[in-house]
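The chain contents come next:
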Amino acid sequence: MRILYIDIDTLRPDHMGCYGYFRNTTPRLDEIARDGVRFDRAYCSDAPCLPSRAALISGMLGIKTGAVGHGGTAGDRWLYGEKRGFRDPVDENNFNNIFRKAGLYCCSFSSFPERHSSYWYSAGFHETHNVGKGGGECANEVIDGALEWLERRGAQEDWYLHVHVWDPHTPYRAPADFGNPFAKDPLPDWLTEELFRQHQQLVSPHGCNEINMYDDHESSMYPRHPGKINTYQDLRRLFDGYDCGVRYADQQLGRVLDQLKKLGIYEDTAIIVTSDHGENLGELGIYGEHGTADECTCHIPLIIKWPGGVKGTTDNGFHYQLDLCPTMAELLNIQGNPDWDGISFAPALHGEPCPGREYLVVSQLAHVCQRAARFDHYLYIRTVHDGFRLLNREMLFDLEADPHEIQDISQEHPDLCAKGARLLLNFQEDAMLSSRYAEDPLWRVMREGGPSHTVGWLDYYCAHLEKTGRSEGARRLREKFSQKQDS
């Protein structure tokens, strides 16, 4: 058995051709979709980078592992506790070890463990490779090493290879000589000039006035990544920058697919394609960030080509990315872990009925403190800390009619808000009843001053707002948050 796991950071499914995007961003990944199953409603349970991968690797929700942020105690998993034996059971039963227990030689090409000091991510691998740039590398640097590895080992049996590229992640960094294959393509039509003008009036870190989070600084090292979007026409630089990152990653990963075909093993190699999270590209007035618990950040691509499985089909059930743990265990005949929160969707790969979950709950505790319930075609978001964006405490969107979350319909549908709130409460209670810890990490984050990307930034951002003619926004932020940060 040979298994290739393609891990593309910050990849929105709706910016991929196989998911219906009108730009030709992913011709090589689209090939894999034609040879396998495309999952249309897969989500990371916890966003962004560190929490998402902690959930996938452990097979457990962030509310139970404690790894829900990018700093403070939320940047680390909670200790297993007094029942820990010689080895940590979470690491011994993680996603990577499923393949190792199945007798596969496991190798990873990724700089994620160093970038986030999350070395638990490497548990289970026999061999790891890190180009040493902390996620600042371009895909070609990773793929060159992966191709050399495949040249040496690819024709052998029984391996699992994880290849992780960062190119769609901020700052958008496709090499200059890649050019812009989308220069003549239109921009997405949902983001109208009228909506953009509304966004220009918002108080919003990573809004169009300060893409750099709390100011409009931009680096000459990353000419594709703006510091500010001054006019509607300037949106092209942001959208093209992101899409070029997607297309460049696709091009480089195509080299891996070509190598598999050259070795004559493509047909017999299982391939998993997914991401850790998506990207805000104007949704909720946020640009160039993955900072919310919503559709654009938590909805992820998931494509699986499995030897002997069905081809060219789609699955529309709700699935968490962490459902990959029991799915792979079932496919490889490995005993699952009772601590996993996942539910196997292996039947879908063989064309059998697989209804998925009734609803999902997604969390974001690094840029904001939000949880959201995804049910039917609705998204209900509840915000405890809005990341200095003056968001409403609860929001409701009809994603079938409004996939980019433009119209909050919470006031018109109190019944649906009540259902969403009940689902969030049930989620929290169920997690606490089955957790080794009697604490929801959301409230630990709040006690430590709020989401890690906000701690210590209130005065700086308010001063920037005042310098750029938005004193009223600064006043409202100080009124809302000064007492919380002082307490």
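Here, the structure is the one placed above.
Residues numbered from 1 in each chain as written. Predicted model: local features only at pLDDT ≥ 70, side-chain atom pairs only at ≥ 80, totals over all residues. Heavy atoms only, no water.

Caption draft 1: Representation of the side chain of Asp-402 within the structure. Here Asp-402 is to be found in the loop between β16 (394–398) and α13 (414–434). The buried charged residue Asp-402 lacks any salt bridge, with Arg-12 as its nearest oppositely charged partner at 11 Å. Of note is the side chain of Asp-402, whose polar atom sits 2.9 Å from the backbone nitrogen of Ile-406. Every residue in contact with Asp-402, bar those within four places of it in the chain, is listed here: Phe-397 and Gln-407. (Helix = DSSP H or I, 4+ residues; strand = E, 2+ residues; numbered from the N terminus. Buried < 20%, exposed > 50% of the residue type's maximum accessible area, 1.4 Å probe, protein only. Lys, Arg positive; Asp, Glu negative; His and termini not counted. Salt bridge = Lys/Arg side-chain N within 4 Å of Asp/Glu carboxyl O. Polar contact = N/O pair within 3.5 Å; in protein donor to acceptor, adjacent residues only side chain to side chain. Contact = heavy atoms within 4.5 Å.)

Caption draft 2: Region of the structure containing the pattern of salt bridges. Tallying each qualifying case throughout the model produces 37 salt bridges. The residue Glu-148 makes a salt bridge to Arg-152 at a minimum N-O spacing of 2.8 Å. Here Glu-148 pairs with Arg-152, and both are found in helix α7 (residues 139–153), just four residues apart, close to one helical turn. On the accessibility criterion, Glu-148 (42% relative accessible area) is partly exposed. Looking at Arg-152, the relative accessible area reads 44%, which means it is partly exposed.

Caption draft 3: The arrangement of the packing of aromatic side chains in detail. A full pass over the atoms with the stated rule returns 22 aromatic pairs. Taken together through their ring pairs, the aromatic side chains of Tyr-214, Phe-388, Trp-457, Tyr-460, Tyr-461 and Phe-481 make up a single cluster. A cation over an aromatic ring shows up here: Arg-38 above the ring of Tyr-19, its NZ or CZ 5.3 Å from the ring centre. Above the plane of the ring of Phe-112 lies Arg-53, whose end atom (NZ or CZ) is 5.0 Å from the centre. (Phe/Tyr/Trp six-rings, centres within 6.5 Å; stacked < 30°, edge-to-face > 60°. Lys NZ or Arg CZ within 6 Å of the ring centre and 35° of its normal.)

Caption draft 4: Region of the structure containing the sheet that holds β16. The strand order across the open sheet formed by five strands is β3-β13-β14-β15-β16, and the pairing between neighbours is mixed. Single-partner strands in this sheet number two, and they are β3 (46–47) and β16. Where α13 meets the sheet, its contacts fall on β13 (359–364), β14 (369–375), β15 (378–385) and β16, and the angle it forms with β14 comes to roughly 110°. (Pairing = 2+ DSSP bridges. Axes fitted to C-alpha atoms, helices over the stretch in contact; angles between N-to-C directions.)

Caption draft 5: Examining the side chain of Thr-274 more closely. Its place among the elements puts Thr-274 in strand β7 (residues 269–274). A distance of 3.4 Å separates a polar atom in the side chain of Thr-274 from a polar atom in the side chain of Gln-321. For Thr-274, the residues in contact, after removing those within four places along its chain, are Tyr-5, Ile-6, Asp-7, Ile-8, Ile-300, Pro-301, Leu-302 and Gln-321.

Caption draft 6: Geometry of the environment of Val-68. Mapped onto the elements, Val-68 comes out in the loop between α3 (62–65) and α4 (89–92). For Val-68, a relative accessible area of 2% gives the class buried. As for Val-68 and Ser-52, which are separated by 16 residues in sequence, their C-alpha atoms are 8.1 Å apart. Aside from chain neighbours lying at most four places away, what touches Val-68 is Asp-46, Ala-47, Pro-51, Gly-62, Ile-63, Ala-74, Leu-365, Ala-366, Pro-441 and Val-445.

Caption draft 7: Main features of helix α9 (residues 235–262). The terminal C-alpha atoms of α9 lie 40 Å apart, and with 28 residues this matches the ideal 40 Å at 1.5 Å per residue to within 8%. Taking burial as the measure, the 28 residues of α9 include 20 buried ones, the bulk of the element. At the C-terminal side of α9, Gly-264 shows a positive phi close to 75°. (Expected span 1.5 Å × (residues − 1).)

Caption draft 8: Expanded view of the nonpolar core. Formed by 54 residues in total, the largest nonpolar core has its most connected members in Ile-32, Leu-161, Ile-271 and Tyr-287. Every element with two or more residues in this core is listed here: β1 (2–8), α1 (27–34), β4 (105–109), α7, β6 (159–165), α8 (193–200), α9 and β7. Considering every element that reaches this core, the biggest residue donor is α9, with 12 residues. Ignoring anything within four residues of it in the chain, the contact list for Ile-271 reads Leu-4, Ile-6, Ile-32, Leu-257, Leu-260, Tyr-266, Ile-303, Ile-304 and Lys-305. (Core = buried A, V, L, I, M, F, W, Y, C linked by side-chain atoms within 4.5 Å.)

The quantities given are spatial measurements derived from coordinates; they are silent on function.
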